[in-house]
Protein chains: 2
Amino acid sequence: MDEKALEIIELELAVLVRHITSITTEKSIGKLERSAYLFLHHIATHDAVGVKALAEEFGLDVSTASRQMAALEKKGYVLRMSDPLDGRASSFEITDLGKQELADTKEARLERVTKKLRNWSSEERQQFAQLLQKFNSK
Amino acid sequence: MDEKALEIIELELAVLVRHITSITTEKSIGKLERSAYLFLHHIATHDAVGVKALAEEFGLDVSTASRQMAALEKKGYVLRMSDPLDGRASSFEITDLGKQELADTKEARLERVTKKLRNWSSEERQQFAQLLQKFNSK
DNA sequence: AAAATATAATTGCATTATACAACTATTTTT
DNA sequence: AAAAATAGTTGTATAATGCAATTATATTTT
């Protein structure tokens, strides 16, 4: 019976990913590309995160995470802090410039979402928000 | 008030895309990669679709669509049919092999989604399906 | 304490997906 | 008939990614 719902979800998720990827790749809204946005957001909201933790968080190889962070560092969006207890490790802190960039990107994205959902009822938005969170959790 | 919902949606969409991309990139579930899956699905469910239409459908450059279809053709998943009325154009038909591959991939994906949503209520699934469709429409 | 192993991160290399620009072969418009 | 438009391909470049090898440092084992 809700086998049907699952099938819809399966397909619509693929479509969703394709469309969002398309939008955020082309334009790279607010300058920050897809991946960088989440990396920076995570740095901004968590303490003492290193390359490894980021890779795990996003299901990426450490090498990818390493390069992403090197890029953010180069742009001046994050500072690398050596771990005083472990000479191999380092973690990142977002800079003021990084905060600004994150805020700008967030705003641009929010605007886009807002426009897209302008005809949705308040209830639908709440539901969608809640279900997305539930889907992403764990 | 539901500014909050929009903010959640904005962030959770980014997270969702990242996680799904990660899953479907690594494993390429059921052999078909992310993009190929939707291309093949579209061919399977629409008549006389050419490269241009596919590119438009997915918000991609025609060159990208062209290469994707060339790859599917090479794998034997689609047949290229010359348009008898327009010597420039061609369209695609899914082959039996393509149908099989599509079905396998769909099954693998569905299984994944089913597992992920095994604790969801029937109502939540219905809602999520409906909201995703609404989000993707137009 | 020395040797072996494990870990955090980086770098080399290959692949995939993508866009843009130039091009070819047609078709349509003027 | 010439010019413009269109469908598609191909060359080139870039971004994101994974895997494998490597480096430097920590931890564990002997």
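My aim in this report is to walk through the structure given alongside it, one point at a time. All chains use their own residue numbering, which begins from 1 and follows the written sequence. Think of it this way: whatever chain is written first is A, whatever ligand is written first is 1, and the rest follow in order. Residue-level local features of this predicted model are given only where pLDDT is at least 70; pairs of side-chain atoms are given and counted only at 80 or more, and the full residue set underlies all totals for whole chains, interfaces and linings.

Let us look at the protein's contact with DNA strand C. Any residue whose C-beta atom, as set from the backbone, lies within 6 Å of a molecule or strand is reported as near that molecule or strand. Lining the immediate environment of DNA strand C, one finds 28 residues, of which G50 and S63 of chain A together with E33, S63 and G87 of chain B sit closest. Only DSSP runs of H or I covering at least 4 residues are called helices, and only runs of E covering at least 2 are called strands; the numbering of each starts at the N terminus. Elements represented by at least two residues in the surface near DNA strand C include exactly helix 1 (3-26), helix 3 (51-58) and helix 4 (62-74) of chain A together with helix 2 (34-45) and helix 4 (62-74) of chain B. Ranked by residue count, the leading element in the surface near DNA strand C is helix 4 of chain A, at five residues.

Surrounding DNA strand D, one finds 28 residues, the nearest of these being E33, D61 and G87 of chain A together with G50 and S63 of chain B. Elements supplying a minimum of two residues to the surface near DNA strand D: helix 2 (34-45) and helix 4 of chain A together with helix 1 (3-26), helix 3 (51-58) and helix 4 of chain B. Residue contributions to the surface near DNA strand D peak at five residues, all from helix 4 of chain B. Tallied by class, the residues present in the surface near DNA strand D amount to six nonpolar, twelve polar and ten charged. Gly is put with the polar residues, along with every residue not named as nonpolar or charged; the nonpolar set is Ala, Val, Leu, Ile, Met, Phe, Trp, Tyr, Cys and Pro, and the charged set is Asp, Glu, Lys and Arg.

Time to look at the interface of chain B and chain A. At the interface, 40 residues of chain B touch 40 residues of chain A. Breaking the side of chain B that touches chain A down by element, the ones donating at least two residues are helix 1, helix 2, helix 5 (96-116) and helix 6 (122-136) of chain B. Of the residues that constitute the side of chain B that touches chain A, the class distribution is 22 nonpolar, ten polar and eight charged. Whether two residues are in contact depends on their C-beta atoms, placed from the backbone: they are in contact if these lie within 7 Å.

With that settled, the discussion passes to the nonpolar core. The term nonpolar core refers to a set of buried Ala, Val, Leu, Ile, Met, Phe, Trp, Tyr and Cys residues connected through C-beta atoms within 7 Å. Residue burial here comes from a neighbour count, namely the number of other C-beta atoms, placed from the backbone, that lie within 10 Å of the residue's own C-beta, with 20 or more meaning buried, 12 or fewer meaning exposed, and in between meaning partly exposed. Residues F39, L40 and M69 of chain A together with F39, L40 and M69 of chain B are the most contacted members of the largest nonpolar core, which totals 61 residues. Not counting chain neighbours up to four residues away, the residues in contact with L40 of chain A comprise L32, L72, Y77, I94, G98 and L102 of chain A.

Each pair of packed helices can be described by the angle between their axes along with the distance between the axes. Residues and elements named next belong to chain B. Where helix 3 contacts helix 4, the axes come no closer than 8 Å and their chain directions differ by 115°. Taken together, helix 3 and helix 4 sit at an angle that is classed as roughly perpendicular. Note on packing geometry: the crossing formed by helix 3 with helix 4 is right-handed. Listed contacts from helix 4 to V51, K52, L54 and A55 of helix 3 are V62, T64, A65, S66 and M69. Counted by class, the contact of helix 3 with helix 4 contains six nonpolar, two polar and one charged residues. Convention adopted: a line fitted to C-alpha atoms gives each axis, helices being fitted over their contacting stretch, and angles between N-to-C directions are expressed from 0 to 180 degrees. Angles are sorted into four bins: roughly parallel if under 35 degrees, roughly antiparallel if over 145, roughly perpendicular if 65 to 115, and oblique for all others. By definition, turning the near helix anticlockwise from the far helix through less than a right angle yields a left-handed crossing, and turning it clockwise yields a right-handed one.

Limitation: the analysis is restricted to geometry and does not speak to function.
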